[in-house]
Amino acid sequence: MSIARANRMTPYLFLAPAGLVLLIALFYPICYMIYASFLDWNPSQRIGEADWVGIRNYVKLFSDDAFRESMWVTIKFAAVVVTLEMIIGVGLALLLDRNIRGMSVLRTLFILPMMIAPIVVGLMWRYMYHPTVGIFNQTLTSWGFEPIPWLSDGSWAFASIIIADVWQWTPFIFILSLAALQSLPSSAIEASKIDGATGWQQIIYIKLPLMLPVLIVTLLLRLIDSFKVLEVILVMTNGGPGLSTEILSIRINRTASEFRELGEAAAMSNLLLIVLLILTFAMFIYNKAQELRAQRLRAAAEDTE
Amino acid sequence: MPDIRLEHLRKDYGAVTVIEDLNLEMADGEFTVLVGPSGCGKSTTLRMIAGLESVTGGQIMIGDRDVSQLEPKARDLAMVFQDYALYPHMNVAKNMSFALRLARMNKADIDKRVKEVAETLDLKAYLDRKPAELSGGQRQRVAMGRALVRDAGTFLFDEPLSNLDAKLRGQMRAELALMHQRVGKNMIYVTHDQIEAMTLGDKIVVMKFGKIMQAGSPEELYRNPANKFVAGFIGSPTMNFLDAELSEDAGTLHAKGEGFAIPLSAQKAAGLQSHKDRKVTLGIRPSSFAEDSAGIEMPVILSEYIGAQSVLISEMGGQRVAIEVNSVAPVRTGETRNFTVQGDEVHLFDPQSEAAL
Ligand SMILES: Nc1ncnc2c1ncn2[C@@H]1O[C@H](COP(=O)(O)OP(=O)(O)O)[C@@H](O)[C@H]1O
Ligand SMILES: [Mg+2]
């Protein structure tokens, strides 16, 4: 083998261990799951003993009202939290993007929720939502209001998990937006001031459009994450009351452990995976498109030199 | 268009004072150039006038309005930034029309104005392009165009030509001078390049360490620099400075150094009697030397040919001097030539205060 060729191979050699781990840790389970989704498989059986049922699991899912409800709850949840988080996160970033004393401390405080383990967040909120000793209801009753059935009424429970998620994940959008804002060309913003833009006009015509690439990627990342949310809701409501907060990952968990239908659970997981793959692919396409555009612009600029 | 006055203007960044008690008056329609070495506070001054930088003390008057606390948009200005500051997400037409659209001018008028300005700046073919699709010179013209489409009372420029190559810079300089003749607006222009300052300015303000060293017309600054700094900054090649002593010889004051004695003209000598027998700094422009066989004998250490003129590096009393001569008769390195200096073309400065005598 020539030296040049050996040199070309070097990077792959270094990548090989990681590739191997990826293959074992990622593709093996996925293949396993895809295979399992075609089986009528009960946890007491070994996988070899399970009956092959073809696409029955998938067909069953589509006529299963509980699954459809769960899908709907998940989509509703993802749409609402991501919208709220984007609005609040970007809004806060626009508000706090200035050099006032103490601002760095404030910024650090804002991102704390993101660093707490999800289980802890769930427990914390569950205690705060507690019907009698929770801080919310205690405050309400001490002010003379009726206590609110935070986690025991379907609509309130849905609102409660949204509040907790918004509390935990708005900081993520906040720090990314703030970073985007602070890397904007300051002279373009100054030019817009000279051109007569008010604060709002600067935001709408200059800052937001320039932040857009970062915002789109942030949105997709959050969307992917919000489809996978599990721990916080599991701890807070375990999907209840009824099916009101039973997002897909809880449904999958229950199907496997409570209903003992591993095949069906695998089919659900695969559907969720497809949704996530579509979102990830959308992000990939967006990034590629941006790159191509930048390339085209550079080429055009060189033409005119 | 009103005149602009800066009164006791001051700017501190924390404990650092960048501008200290700046006073300046700019007449209506005047082209004022702020010039000085990098870091002397030119941009800071301009940005305070624009309203992009807060004022620590003093006033900025436009007409009889104190604008020092107003938002930029209330000051009726247009500005061209050193790094162009184009809006990356808007095409050229949108960049140029942004201010007009914010002002809710009607669309037909906007189009007309943008077309007109694009025409004069040779940008018509690029109206649909984004800034990233343009070369440096084109971006610079868009930045200029964005200011020109506006009917602002005052135009501010912060080193707008410094990122261009020499040829384009010369072209744009001429374009700017023409434009000022045409529109006759107030223009305040910041540069560190004295040639730009000399060619463009009706009035030149030379700054150093946040202070004005001298303000006046290009001729004034060249002929009568108020101090050694201005004398050294204005004019190219740079003025020669030599240590000398004033002494009287046969009733005439002479600037005397090692191996030379330059008789001062009566006009120069007037009022210098009190400085007799004191040390002075003698300033001689390279162009003030004249070949004369009766003059001082000077070795040619280096001859730099630059076209119609050549610059000779020589020595006078053990100190380096540059001499500008006509290139007609070639001078070679190593030769010796004789030069005289006219007594009314020298400048004298106090060695301590550096003020002109
Ligand atoms: N934001 C700032 N904070 C502290 N010092 C500054 C700031 N901006 C400028 N300065 C200082 O002020 C001085 C003048 O700067 P500037 O006006 O940009 O100079 P010029 O444009 O003449 O080169 C410089 O010494 C610079 O370091
Ligand atoms: Mg500057």
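Being a predicted model, the structure only gives us computed values, none of them experimental. (Residues numbered from 1 in each chain as written. Chains lettered and ligands numbered in written order. Predicted model: local features only at pLDDT ≥ 70, side-chain atom pairs only at ≥ 80, totals over all residues. Heavy atoms only, no water.)

## As for the overall build of chain B
A count of helical and extended segments in chain B gives nine helices and 20 strands. Counting across all 357 residues of chain B, residues that qualify as buried make up 50%. The long-range share in chain B, meaning contacts at least 24 apart out of those at least 6 apart in sequence, stands at 64%. Put simply, chain B shows about 16,200 Å² of open surface, and 47% of that area lies on carbon and sulfur atoms. Computed over 41 positive and 48 negative side-chain charges, the separation of the two mean positions in chain B equals 8 Å. (Helix = DSSP H or I, 4+ residues; strand = E, 2+ residues; numbered from the N terminus. Buried < 20%, exposed > 50% of the residue type's maximum accessible area, 1.4 Å probe, protein only. Contact = heavy atoms within 4.5 Å. Areas by Shrake-Rupley, 256 points an atom, 1.4 Å probe, with all protein chains shown as cover. Lys, Arg positive; Asp, Glu negative; His and termini not counted. Charge placed at Lys NZ, Arg CZ, Asp CG, Glu CD.)

## Quick look at the sheet that holds strand S4 (residues 57-62) of chain B
All names here are of chain B. Taking strand neighbours across the sheet as the criterion, the four strands line up as S2-S1-S4-S5 in an open arrangement whose pairing is antiparallel. At either margin of the open sheet sits one strand with a lone partner, and together these are strand S2 (16-26) and strand S5 (65-66). Of the strand pairs in this sheet, strand S1 (residues 4-13) and S2 are connected by seven bridges, and their pairing is antiparallel. Its bridge partner being in S2, Asp 12 is matched across the sheet by Thr 17. Each of S1, S2 and S4 is contacted by helix H1 (residues 42-50), which is oriented at about 115 degrees to S1, the strand it contacts most. (Pairing = 2+ DSSP bridges. Axes fitted to C-alpha atoms, helices over the stretch in contact; angles between N-to-C directions.)

## Let's talk about the sheet that holds strand S16 (residues 302-305) of chain B
Residue and element names in this part refer to chain B. Reading across from one edge, S16-S17-S18 is the order of the three strands in this open sheet, with antiparallel pairing throughout. A strand with exactly one partner marks an edge of an open sheet, and here the two such strands are S16 and strand S18 (319-326). For this sheet, the mean angle separating the axes of adjacent strands, direction not counted, is 25 degrees. Two strands pair when backbone bridges link them, and S16 and strand S17 (residues 309-316) are joined in this way by four bridges, in the antiparallel orientation. When the bridges of S17 are listed, Ser 303 appears paired with Leu 312.

## Concerning the layout of surface pockets
Put simply, the largest pocket is a space of about 880 Å³. Along the walls of the largest pocket sit 27 residues, with Asp 97, Ile 189, Lys 193, Gln 202 and Lys 207 of chain A positioned nearest its centre. At the level of secondary structure, the elements contributing two or more residues to the lining of the largest pocket comprise helix H3 (65-96), helix H8 (154-182), helix H9 (186-194) and helix H10 (199-228) of chain A. Of the volumes computed, that of the second largest pocket is approximately 520 Å³. In this structure, the second largest pocket is lined by 20 residues; those nearest its centre are Leu 210 and Arg 293 of chain A together with Tyr 87, Pro 88 and His 89 of chain B. (1 Å grid on protein atoms, 1.4 Å probe; cavity = no way out; pocket = protein on both sides within 12 Å on 5 of 7 lines; lining within 4 Å. Points joined across faces, edges and corners; volume = space filled by probe spheres on them.)

## Digging into the packing of H9 of chain A against H10 of chain A
Residues and elements named next belong to chain A. Interaxial distance between H9 and H10 falls to 10 Å at its minimum, and their mutual angle equals 145 degrees. Crossing hand, H9 versus H10: right-handed. Judged by residue contacts, Ile 189, Ser 192 and Lys 193 of H9 engage Gln 202, Ile 206 and Lys 207 from H10. Class assignment for the residues of the contact of H9 with H10 results in two nonpolar, two polar and two charged. (Left-handed = near helix turned anticlockwise from the far one by under 90°. Nonpolar A, V, L, I, M, F, W, Y, C, P; charged D, E, K, R; others polar.)

## Details of the domain arrangement of chain B
The extent of an interface is frequently quoted as the accessible surface area lost upon association of the parts. All names here are of chain B. Looking at chain B, the domain boundaries give domain 1 (4-226) and domain 2 (240-349). On a C-alpha basis, the centroid separation for the pair domain 1 and domain 2 is 40 Å. On the side of domain 2, four residues touch domain 1, which itself brings four residues to the contact. Regarding the contact of domain 1 and domain 2, the summed buried area is about 320 Å², with carbon and sulfur atoms giving 51% of it. When residues of domain 1 are sorted by the area they lose upon contact with domain 2, Tyr 222, Arg 223 and Pro 225 head the list and together hold 90% of the total. On the surface where domain 1 and domain 2 come into contact, there are one residue pair in polar contact (both at pLDDT 80 or more). Each residue belonging to the side of domain 1 that touches domain 2 can be placed in one class, and the counts come to three nonpolar, no polar and one charged. (Domains from an automatic or database assignment. Buried area = accessible area lost by both parts, 1.4 Å probe. Polar contact = N/O pair within 3.5 Å; in protein donor to acceptor, adjacent residues only side chain to side chain.)

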